[in-house]
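Structure assessment
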Amino acid sequence: MQKMTKEEALKTVGDRKIVPVVKLDRAEDAKPLCEALCEGGLPVAEITFRTSAAEESIRIVAKAFPDMMVGAGTVTNTEQAQRAVDAGAQFLVTPGFSRKITEFAVDHGIMIFPGACTPTELMMALEYDLPVVKFFPAKQYGGAGTIKSFSAPFPSLRFMPTGGINESNILEYLALKPVIACGGSWMVKDSLIKENDFAGIRDMTKAAVQLVKGAEK
């Protein structure tokens, strides 16, 4: 896929409603995993830099699935950000707010979803004119109720809650107007990947897609 504009990235995320958060210990799992996501109707993935396989996994996916939106998650420094972009990442996600990484993304014209869970961090996001933040960890920081509280003083911000999101509570989040999409890993669990159960991932992805279809605002 050609480099997305920030507007295209936002629209894609908003249309999909779910961003699978993927942790890969082996780069060779990237292709069958993302094939399962695509077959399940969810051609988007946030591949996290929690493992050494992240960079190569992004490179594999960017080449093998040109119509898939692939990004890098758990980006904690600008060196990782540069490696992710060079590998083909179309968006960056950070666990917390980093001015350096945010400025890197702005300078390179790439969409970034910075982690934020306090009013101070939300104000920092506004300083950079960022339209969406990753509310993380969502469950531990009050979930949907906290997002509702933030929407009054920060009416222009949208949220992508991540952390503790699953099929039992995702609709509660998506029902909130400020929520653009949710990040989740229940359909790409470590156990399924390690067991090469990509058919199971495909089926769980299909179920997740069907679940959120009725959540259009």
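Structure shown above.
On a predicted model such as this, the values are computed, not experimentally measured, just so you know.

With that settled, the discussion passes to the sheet that holds strand β6 (residues 115-116). Strand pairing in a sheet relies on backbone hydrogen bonds. The paired strands run either parallel or antiparallel. Pairing is parallel across the open sheet formed by three strands, whose spatial order is β6-β7-β8. Strands with a single pairing partner mark the edges of an open sheet, and in this sheet they are β6 and β8 (158-159). Pairing of strand β7 (residues 132-135) with β8, which is carried by two bridges, proceeds in the parallel orientation. Looking at β8, one finds that Val132 is bridged to Arg158. Most of the contacts of helix α7 (residues 143-151) go to β7, to which it runs at about 150°, and overall it touches β7 and β8.

Applying the stated criterion across every chain yields a total of ten salt bridges. Residue Glu55 is joined to Arg83 by a salt bridge in which the shortest nitrogen-to-oxygen separation is 2.8 Å. Separated by 28 residues along the polypeptide, Glu55 in helix α3 (residues 54-64) and Arg83 in helix α4 (residues 78-87) bring together distant segments of the chain. The partly exposed category is assigned to Arg83, whose relative accessible area is 25%. The shortest N-O distance in the salt bridge between Arg99 and Glu127 comes to 3.1 Å. One end of the pair, Arg99, is in helix α5 (residues 99-108); the other, Glu127, is in helix α6 (residues 119-127), with 28 residues separating them in the sequence. Each member of the salt-bridge network shares a partner with another, and the members are Glu55, Glu56, Arg59, Glu79 and Arg83.

Counted by the stated rule, this structure contains five aromatic pairs. For the ring pair Phe97 and Tyr128, a centre distance of 6.1 Å and an interplane angle of 35° mean the geometry is tilted. Of this pair, Phe97 sits in the loop between β4 (91-93) and α5 while Tyr128 sits in the loop between α6 and β7, and the two are 31 residues apart along the sequence. Assessed through its relative accessible area of 18%, Tyr128 is described here as buried. Judged by centre distance (6.2 Å) and plane angle (10°), the ring pair of Phe150 and Phe159 falls under stacked. Considered together, Phe150 and Phe159 belong to a single accessibility category, that of buried residues. Taken together through their ring pairs, the aromatic side chains of Phe135, Phe150, Phe154 and Phe159 make up a single cluster. Over the face of the ring belonging to Phe136 we find Lys134, whose NZ or CZ atom lies 4.3 Å from the ring centre.

This paragraph deals with the environment of Lys148. Residue placement: Lys148 occurs in helix α7. Counting along the chain gives 143 residues from Lys148 to Thr5, while the straight-line C-alpha distance between them is 29 Å.

Disulfide: a covalent bond formed between the sulfur atoms of two cysteine residues. This model, assessed by the stated rule, comprises zero disulfides. In this structure Cys117 is a free cysteine whose sulfur lies 16 Å from that of Cys182, the closest cysteine sulfur available.

For strand β1 (residues 18-22), the tally of buried residues reaches five of five residues, placing the bulk of the element in the interior. Burial of the side chains of β1 extends over both faces: Ile18, Pro20 and Val22 are buried on one face and Val19 and Val21 on the other. Across three bridges, β1 lies against strand β9 (residues 182-184) in parallel orientation. Its bridge partner being in β9, Pro20 is matched across the sheet by Gly184. Bridge analysis of β1 against strand β2 (residues 44-48) gives two bridges, and the strand direction is parallel.

About the thresholds
Residues numbered from 1 in each chain as written. Predicted model: local features only at pLDDT ≥ 70, side-chain atom pairs only at ≥ 80, totals over all residues. Heavy atoms only, no water. Pairing = 2+ DSSP bridges. Helix = DSSP H or I, 4+ residues; strand = E, 2+ residues; numbered from the N terminus. Contact = heavy atoms within 4.5 Å. Axes fitted to C-alpha atoms, helices over the stretch in contact; angles between N-to-C directions. Salt bridge = Lys/Arg side-chain N within 4 Å of Asp/Glu carboxyl O. Buried < 20%, exposed > 50% of the residue type's maximum accessible area, 1.4 Å probe, protein only. Phe/Tyr/Trp six-rings, centres within 6.5 Å; stacked < 30°, edge-to-face > 60°. Lys NZ or Arg CZ within 6 Å of the ring centre and 35° of its normal. Disulfide = S-S within 2.5 Å.

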